Amino acid sequence: IFTEVFINKKTWCLGAAYRPPSLRDNLFTQDMETSLEKAISLYDNVAILGDSNYDLQDPVKSKPLRDIMNHYALSNLIKLPTYTSLHGNSLIDIVLTNCPQEFQSRSIIDTGLSDGPTATPW
């Protein structure tokens, strides 16, 4: 889902994305690349927020997402784990942008909400 917003006299294309864990990598890559091609061709400022279900702490498991980030010069503003379970921590929630310098600060807020019975708040 993409929308156009105006922030500080700049036009942004904001996208919200969710990749179900069961979605094959090639389908995710095709859909994300199609969306990014259009967004970047129309807007100078692009940001995509969501749950990728790729753990960016694991270079091997997150390769499909990292390849897209590299190809489109996107940075992930989130640097700390966003999900905690009995199996450990993972960084699956993303804020990708081609304009990281436009963001003054970033943080993770514990809402107390969880998408699974094994997740625990930090």
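Quick caveat, the model's predicted, so the values are computed rather than measured.

Asks: Give a detailed account of the pairing of strand β2 (residues 10-18), specifying residues and quantitative values.
Replies: Here six bridges tie strand β1 (residues 2-7) to β2, and the two strands are oriented antiparallel to one another. Bridge pairing links V5 to W12 in β2. Summarising the sheet, β2 and strand β3 (residues 45-51) pair through seven bridges and their orientation is parallel. By the bridge assignment, A16 is partnered in β3 with L49. The handedness of the β2 to β3 crossover, carried by helix α1 (residues 25-42), is right-handed.

Asks: Can you break down the environment of F2 residue by residue, with the values?
Replies: Mapped onto the fold, F2 is located in strand β1. Distance in space between the C-alpha atoms of F2 and C13 is 6.6 Å, their sequence separation being 11 residues. Setting aside residues no more than four positions away along its own chain, F2 makes contact with C13, L14, G15, S35, A39 and I48.

Asks: Tell me what's going on with the side chain of N45, and back it up with residues and numbers.
Replies: Here N45 lies in strand β3. The exposure class of N45 is buried, given its relative accessible area of 10%. At 3.2 Å, the side chain of N45 forms a polar contact with the backbone oxygen of T11.

Asks: Break down the pairing of strand β7 (residues 93-97) for me, citing the residues and quoting the values.
Replies: Side-chain positions along a regular strand alternate between the two faces of the sheet. Of all five residues in β7, four are buried, a share of seventy percent or more. Strand direction decides the pairing type here: β3 and β7, joined by five bridges, are antiparallel. Bridged to L49 within β7 is V95. In this structure, strand β4 (residues 75-76) lies alongside β7, joined through two bridges in antiparallel fashion. Note that in β7 the partner of S75 across the bridge is T97.

Asks: Kindly report on the pattern of salt bridges, identifying the contributing residues and their values.
Replies: Taken as a whole and judged by the stated rule, the model has two salt bridges. Measuring nitrogen to oxygen at the nearest pair gives 2.8 Å for the salt bridge that ties E102 to K10. You can see E102 sitting in the segment after β7 and its partner K10 sitting in strand β2, a full 92 residues away along the chain. Its salt-bridge partner being K63, residue D67 comes within 2.8 Å of it at the nearest N-O pair.

Calculation notes
- Residues numbered from 1 in each chain as written.
- Predicted model: local features only at pLDDT ≥ 70, side-chain atom pairs only at ≥ 80, totals over all residues.
- Heavy atoms only, no water.
- Pairing = 2+ DSSP bridges.
- Helix = DSSP H or I, 4+ residues; strand = E, 2+ residues; numbered from the N terminus.
- Right-handed = clockwise from strand over helix to strand, strands pointing away.
- Contact = heavy atoms within 4.5 Å.
- Buried < 20%, exposed > 50% of the residue type's maximum accessible area, 1.4 Å probe, protein only.
- Polar contact = N/O pair within 3.5 Å; in protein donor to acceptor, adjacent residues only side chain to side chain.
- Salt bridge = Lys/Arg side-chain N within 4 Å of Asp/Glu carboxyl O.

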